[in-house]
Amino acid sequence: MLKKLIVLLSGVYVLAAQADLKPDVLECDAKRATRNAAMEATLGVSGGCDMGKATDNAMDDARDNVGDHLDDAKDNLPNLERDHDKRRGLDRE
């Protein structure tokens, strides 16, 4: 009985892990949206990805990239106050 329970719980764990990976693996982009539209036109069945979702994902990715570049630029700016203090021999720490 214990062995059956262990096998059952490990199976549930594997399925839960796969369900967690599914959104990352099946990200909606323009290629998938186009494929789903073609399937809808020919077979009458399509997936959950359409151009609206693909556009939203692209906009979110663009916002994330802009935010990342902005953070990198802020990190690379020189600390002018610290440099000024060093030249004057001041220690504000």
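The coordinates are above.
Everything numeric in this text was worked out from a predicted model, so none of it was measured.

1. Overview of the overall build of the protein chain
Within the protein chain, the secondary structure is distributed over four helices and zero strands. Across the 93 residues in the protein chain, those meeting the buried criterion constitute 6%. Element-wise, carbon and sulfur atoms account for 60% of the exposed surface of the protein chain, whose accessible area totals about 8,400 Å².

2. Observations concerning helix α2 (residues 30-43)
Between its first and last C-alpha, α2 extends 20 Å over 14 residues, near the 20 Å set by a 1.5 Å rise per residue. The positive-phi residue at the C-terminal boundary of α2 is G44, with phi of around 85°.

3. Re the state of the cysteines
Following the criterion strictly, the structure yields one disulfide and no others. Two residues, C28 and C49, share a disulfide whose sulfurs are 1.9 Å apart. Between C28 and C49, the S-S dihedral sits near 80°, and the bridge is therefore right-handed. Taken together, the residues span a long stretch of sequence, with C28 in the loop between α1 (2-25) and α2 and C49 in the loop between α2 and α3 (51-76) at a distance of 21 residues. The class of C28 is buried, set by a relative accessible area of 12%.

4. Topic: the pattern of salt bridges
Within this structure, the stated rule accounts for one salt bridge. Close ionic contact of R63 with D60 constitutes a salt bridge, the shortest N to O distance being 3.3 Å. Of this pair, R63 and D60 are both found in helix α3, three residues apart, which corresponds to roughly one turn of the helix.

5. Looking at the side chain of N36
Here N36 lies in helix α2. Among all residues touching N36, those that are not within four sequence positions of it are S46, G47, G48 and C49.

6. What to know about a negative patch on the surface
Taken together, the side chains of E27, D29, D61, D64, D68, D71, D72 and D75 define an acidic patch exposed on the protein surface. Mapped onto the elements of the fold, D64 is located in helix α3.

7. Overview of the environment of R32
Structurally, R32 can be placed in helix α2. The sequence separation of R32 and A54 amounts to 22 residues, and the corresponding C-alpha distance is 8.3 Å. Engagement of the side chain of R32 in a polar contact is seen with the backbone oxygen of E27, the distance being 3.0 Å.

Each value, and the rule that gives it
- Residues numbered from 1 in each chain as written.
- Predicted model: local features only at pLDDT ≥ 70, side-chain atom pairs only at ≥ 80, totals over all residues.
- Heavy atoms only, no water.
- Helix = DSSP H or I, 4+ residues; strand = E, 2+ residues; numbered from the N terminus.
- Buried < 20%, exposed > 50% of the residue type's maximum accessible area, 1.4 Å probe, protein only.
- Areas by Shrake-Rupley, 256 points an atom, 1.4 Å probe, with all protein chains shown as cover.
- Expected span 1.5 Å × (residues − 1).
- Disulfide = S-S within 2.5 Å.
- Salt bridge = Lys/Arg side-chain N within 4 Å of Asp/Glu carboxyl O.
- Contact = heavy atoms within 4.5 Å.
- Patch = residues over 30% accessible without salt bridge, like charges linked within 9 Å, V, L, I, M, F, W, Y side chains within 5 Å.
- Lys, Arg positive; Asp, Glu negative; His and termini not counted.
- Charge placed at Lys NZ, Arg CZ, Asp CG, Glu CD.
- Polar contact = N/O pair within 3.5 Å; in protein donor to acceptor, adjacent residues only side chain to side chain.

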